[in-house]
Amino acid sequence: MSNQAQLLFATAPKGLELLLVDELRALGAKDVKEKRAGVAFTGDLSLAYKACLWSRLANRILLPLATFPAATPEALYAGVQTINWEEHIDPEGTLAVHFVSAQSAITHSLFGAQKVKDAIVDQFREKFGVRPSVAREAPQVSVYVYLHRDQAAISLDLSGESLHKRDYRVSGGEAPLKENLAAAILLRSGWETIVKEKGTLLDPMCGSGTLLIEAALIAGNIAPGLLRHYFGFLGWKKHVPARWETLVAEAEKARQEGMANLPVIVGYDHDPQAIKSAFENIERAGLRGKVHVEKRELAAFVPKPNAKPGLVVVNPPYGERLGEVEELKTLYALLGERLKQHFEGWHAALFTGNPELGKQMGLRSRRSYAFFNGALPCRLFLFDIEPEWFVDNSPEAENVRRIRQAKRAITEKDQQAVSMFANRLRKNLKHLKRQAKRQGLTSYRVYDADIPEYAFVIDLNVDSAEVREYEAPRFIDAEKTIQKRQAVLALLPELLELPPARIFFHEQLLRKKK
């Protein structure tokens, strides 16, 4: 392809496509368009090399060779043979085939890859009497096949293997973020702008350090591909080493300049093994002495004295089982508490696979973005740590929110249905309030499932009420139980003559005595 502009394609994880569009344009790509599972663009060989070296977001950089219908193995084989493979690989070279199928008759990726490989090597055997061999690691040419609705797209994978592999990771720790996802989180969090302001970056749950390292690469204008020893184009017959070496030399110079001006980047974790892994990865990335990590509990998370406000970025555990989620509520609440108490004036970014847990932080996000961590839908929440964004998580505030939600949820029909309960409670209050006054009582029960369909217990205090609910029999429809609860909660402030903040609802269900 040399100096001639040609169609190229960058694959990307779901959710990163728009960011990748901007990145490729900044690298000099033309005709950039978001497509399914990636971004199409045009450029010459130098641009293809530059994308492999500099893209923080792409998985692969592909050079399309042919597209054709391939509803059968025979059609796939024949289509692959129409390509002149002698232009790309030596007869005794090495190759690998990566095959992806979606909504197609050929569903088995290994079978599809085998068929493509057979078509390539048979072409060489017939012409030269020898054939390329398959290499699982560092093949001279990597062929990428995407079969969608029986339409095959055959490309050369110029990256060779996914570009998220930067070659600095010795240990990933437990459930590490992929490097390009970490870079996307930082870019969406406004890290580039904060770098220009010399702001600090802190990660209180840094794990193996991926966010820290990617933050340093962005801040130092360091090409993420500099550490890689292998790309798919290095053994390609049309590779121009001089061009590649020029780009690498330019990137090395930029790295040296950037390393001298890195901002403060610090990570903490309660797990000593995670800190050990992070330190090893930081060292492999050539960032020793530039990125600091240490063991520290979240409860002790504070900025260092005189630290310039910047970004707190964190990827806490998500929790898969119910017990884990309950425990994590406390963790997220503690994170929010530390941010509100010690980081006013900072920005924060929370990446989580469980958005409901984010509500425990007591902060309203100014913006959020959808991402995927593998197949798991995730959310990135961005916060400005300022008092106007703080959410009151006190029991009184929760009471107000609960009753407000109940009033929004009920219908006129629900209000009519609950009138029987309302009349009974009014009657009880009229009688029991007089009786309590005569006896000098400050706490007394005004309702105890008097009407079985409304199985609540209501205790009245001097300036508050405690509301509990009996567990409904299994044969009662859960949706109807919720509707009755909402209808009762919506009426209680008026019936009890109390502000919503003073009506405490206990979520743990009571069991009726037999």
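Residues numbered from 1 in each chain as written. Predicted model: local features only at pLDDT ≥ 70, side-chain atom pairs only at ≥ 80, totals over all residues. Heavy atoms only, no water.

As recorded by an unreviewed UniProt entry, the chain carries the name 23S rRNA G2445 N2-methylase RlmL and is attributed to Aquicella lusitana.

A.B. asks: Outline the pairing of strand 5 (residues 94-102), supporting the account with residue identities and numerical values.
C.D. replies: Here strand 5 runs beside strand 6 (residues 133-134); their pairing, made up of two bridges, is parallel. Each residue of the ladder has a partner; that of Leu95, found in strand 6, is Val134. (Pairing = 2+ DSSP bridges. Helix = DSSP H or I, 4+ residues; strand = E, 2+ residues; numbered from the N terminus.)

A.B. asks: Can you tell me about the pattern of salt bridges, naming the residues and giving the values?
C.D. replies: Per the stated rule, a full pass over the model turns up 26 salt bridges. Residues Glu471 and Arg511 are paired through a salt bridge, measuring 3.4 Å at the closest nitrogen-oxygen approach. With a gap of 40 residues between them, Glu471 in the loop between strand 18 (465-469) and helix 15 (478-496) and Arg511 in the segment after strand 19 (503-505) connect regions that are remote in the sequence. Of the residues examined, Glu471 reaches a relative accessible area of 41% and is grouped as partly exposed. (Salt bridge = Lys/Arg side-chain N within 4 Å of Asp/Glu carboxyl O. Buried < 20%, exposed > 50% of the residue type's maximum accessible area, 1.4 Å probe, protein only.)

A.B. asks: Any chance you could break down the sheet that holds strand 11 (residues 291-295) for me, citing the residues and the numbers?
C.D. replies: The strand order across the open sheet built from seven strands is 11-10-9-12-13-15-14, with neighbouring strands paired in mixed fashion. Each edge of the open sheet is held by one strand with a lone partner, namely strand 11 and strand 14 (367-373). Pairs of neighbouring strands in the sheet enclose a mean axial angle of 20°, with direction left out of account. Pairing analysis gives six bridges linking strand 13 (residues 347-352) to strand 15 (residues 376-384), with the strands arranged antiparallel. Bridge pairing in strand 15 links Thr352 to Arg379. Taken strand by strand, helix 7 (residues 210-219) contacts strand 9 (201-203), strand 10 (265-269), strand 11 and strand 12 (311-314), and its axis lies near 175° from that of strand 10. Contacting strand 10 and strand 11, helix 9 (residues 272-284) crosses the sheet at an angle of about 165° to strand 11. (Axes fitted to C-alpha atoms, helices over the stretch in contact; angles between N-to-C directions. Contact = heavy atoms within 4.5 Å.)

A.B. asks: Lay out the packing of helix 3 (residues 73-81) against helix 4 (residues 109-128) with the relevant residues and their values.
C.D. replies: Remark: helix 3 packs on helix 4, axes separated minimally by 9 Å, with the N-to-C direction vectors making an angle of 40°. One element, helix 3, and the other, helix 4, form an angle in the oblique class. The hand of the helix 3/helix 4 crossing is right-handed. Between helix 3 and helix 4, the residues in contact are Pro73, Leu76, Tyr77, Val80 and Gln81 and Phe111, Gly112, Lys115, Val116, Asp118, Ala119, Ile120, Asp122 and Gln123, respectively. (Parallel < 35°, antiparallel > 145°, perpendicular 65-115°, else oblique. Left-handed = near helix turned anticlockwise from the far one by under 90°.)

A.B. asks: Account for the environment of Trp85, naming residues and giving values.
C.D. replies: Relative to the helices and strands, Trp85 is located in the loop between helix 3 and strand 5. Note: C-alpha distance between Trp85 and Gln123 (38 residues apart in sequence) is 7.9 Å. Beyond its immediate sequence surroundings of up to four residues, Trp85 is in contact with Leu65, Val80, Ile120, Gln123, Phe124, Val143, Ile154 and Leu156. Within the structure, the side chain of Trp85 is placed 2.9 Å from the backbone oxygen of Val80, a separation counted as a polar contact. (Polar contact = N/O pair within 3.5 Å; in protein donor to acceptor, adjacent residues only side chain to side chain.)

A.B. asks: Tell me what's going on with the domain arrangement of the chain, and back it up with residues and numbers.
C.D. replies: Much of the literature gives interface size as the accessible area that the parts lose upon coming together. Here the domain parsing of the chain yields domain 1 (6-157), domain 2 (179-224 + 258-389) and domain 3 (395-507). Using only C-alpha atoms to locate each centre, domain 1 and domain 3 end up separated by 65 Å. (Domains from an automatic or database assignment.)

A.B. asks: Explain helix 14 (residues 419-439) residue by residue, including any values.
C.D. replies: Given a rise of 1.5 Å per residue, 21 residues ought to cover 30 Å, and the 30 Å separating the end C-alpha atoms of helix 14 matches this to within 8%. Within the span of helix 14, buried status applies to Phe421, Ala422, Leu425, Asn428, Leu429, Leu432 and Ala436. On its buried side, helix 14 packs onto strand 16 (444-448), strand 17 (456-460) and helix 15. After helix 14 finishes, the residue Gly440 shows a positive phi value of roughly 70°. (Expected span 1.5 Å × (residues − 1).)

A.B. asks: Please provide a residue-by-residue account of the state of the cysteines, values included.
C.D. replies: Inspection of the entire model under this criterion finds zero disulfides. Not part of a disulfide, Cys206 finds its nearest cysteine sulfur in Cys378, a span of 19 Å. Looking at Cys378, the relative accessible area reads 5%, which means it is buried. (Disulfide = S-S within 2.5 Å.)

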